[in-house]
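Structural characterization, general
One letter stands for each residue in the lines below.
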Amino acid sequence: ARVVSSLGKRLPDAQEVADAMRKFGFRSRDDNVEIIAKNASLYFNSDIEGKRMGFATPQKYLQYLNSKDPMLHVPDPAVFVARTSFLFRGLGALLQQQIHTSPHWRKHAILAVAKNGKAHQLYNLGLTPISNY
């Protein structure tokens, strides 16, 4: 949930995203912050970065990322969420829409984190406590 919450921000911070990925259990060979954050975005948000770089498919972009800093461990729970993200984005592509899943899932991710006792640190846009969601 922390990965999706971090990615769903208007301007995600690569270090914050990479830290959330590590905390979730992702491990890469070189622990490259930028590549870990790009993997997170590909798995849980959008493949637009790969398209911008000229990769025709998410698979080609993933191969590129793995050539730079291969993922050594991907936690099993992440696979289900990533597949769901890819499914929604694939449906969006059929409708000629570029879907970014994390901004849509962010509220739910924040609530999931809050249920684990961290509600005092989380705020909705800084205006109201998350408990008021």
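So, a few notes on the structure that sits alongside this text.

Here is what the cut-offs are and how they apply
Just so you know, the residues in each chain are numbered from 1, in the order the chain's sequence is written. Only residues with pLDDT of 70 or above have their local features reported here, since the model is predicted, and side-chain atom pairs are shown and tallied only from 80 upward, although totals for entire chains, interfaces and linings are computed over all residues. With hydrogens and water stripped out, all remaining heavy atoms of the structure feed into the side-chain values. Here the term patch refers to residues with relative accessible area over 30% and no salt bridge, with like charges joined within 9 Å and nonpolar side chains (Val, Leu, Ile, Met, Phe, Trp, Tyr) within 5 Å. Areas reported here follow the Shrake-Rupley algorithm with a probe of radius 1.4 Å; residue values treat only the protein chains shown as occluding. A pair is scored as a salt bridge if a Lys or Arg side-chain nitrogen falls within 4 Å of a carboxyl oxygen belonging to Asp or Glu. Each helix corresponds to a stretch of at least 4 residues labelled H or I by DSSP, and each strand to a stretch of at least 2 residues labelled E; elements are numbered beginning at the N terminus. For the exposure calls, accessible area comes from a 1.4 Å probe over protein chains only, and a residue counts as buried if that area is under 20% of its type's maximum, exposed if over 50%, partly exposed in between. Note on terminology: a nonpolar core comprises buried Ala, Val, Leu, Ile, Met, Phe, Trp, Tyr and Cys residues joined through side-chain atoms within 4.5 Å. The contact criterion used is simple: two residues touch if any of their non-hydrogen atoms lie within 4.5 Å. Multiplying one less than the number of residues by 1.5 Å gives the expected span of a helix. Here, the arc refers to the directions that run from the helix axis to the C-beta atoms.

On the surface, Leu87, Phe88, Leu91, Leu94 and Leu95 cluster together to form a nonpolar patch covering roughly 550 Å² of accessible area. Within the element layout of this structure, Leu91 appears in helix H6 (residues 76-94). Leu91 gets classed as partly exposed once you look at its relative accessible area, which sits at 44%.

The next subject is the nonpolar core. Of all hydrophobic cores here, the largest spans 19 residues; its most connected members are Val3, Met21, Phe26, Tyr43 and Phe44. If you list the elements that add at least two residues to this core, you get helix H1 (2-7), helix H2 (14-24), helix H3 (33-44), H6 and helix H7 (101-118). When sequence neighbours within four positions are dropped, the list of residues in contact with Tyr43 reads Met21, Phe26, Leu62, Met71, Val74, Ala82, Ser85, Phe86 and Arg89.

Further remarks concern H6. For H6, with 19 residues, the first-to-last C-alpha span of 28 Å sits near the 27 Å given by 1.5 Å per residue. Taken together, the buried positions of H6 are occupied by Ala78, Ala82, Ser85, Arg89 and Gly92. What you see down the axis of H6 is that its buried residues fit within an arc of 75°, all on one side. Every exposed residue of H6 that faces more than 90 degrees away from the buried side is listed here: Asp76, Phe80, Arg83, Leu87 and Leu94. Among the residues trailing H6, Gln96 stands out with phi positive, at a value near 60°.

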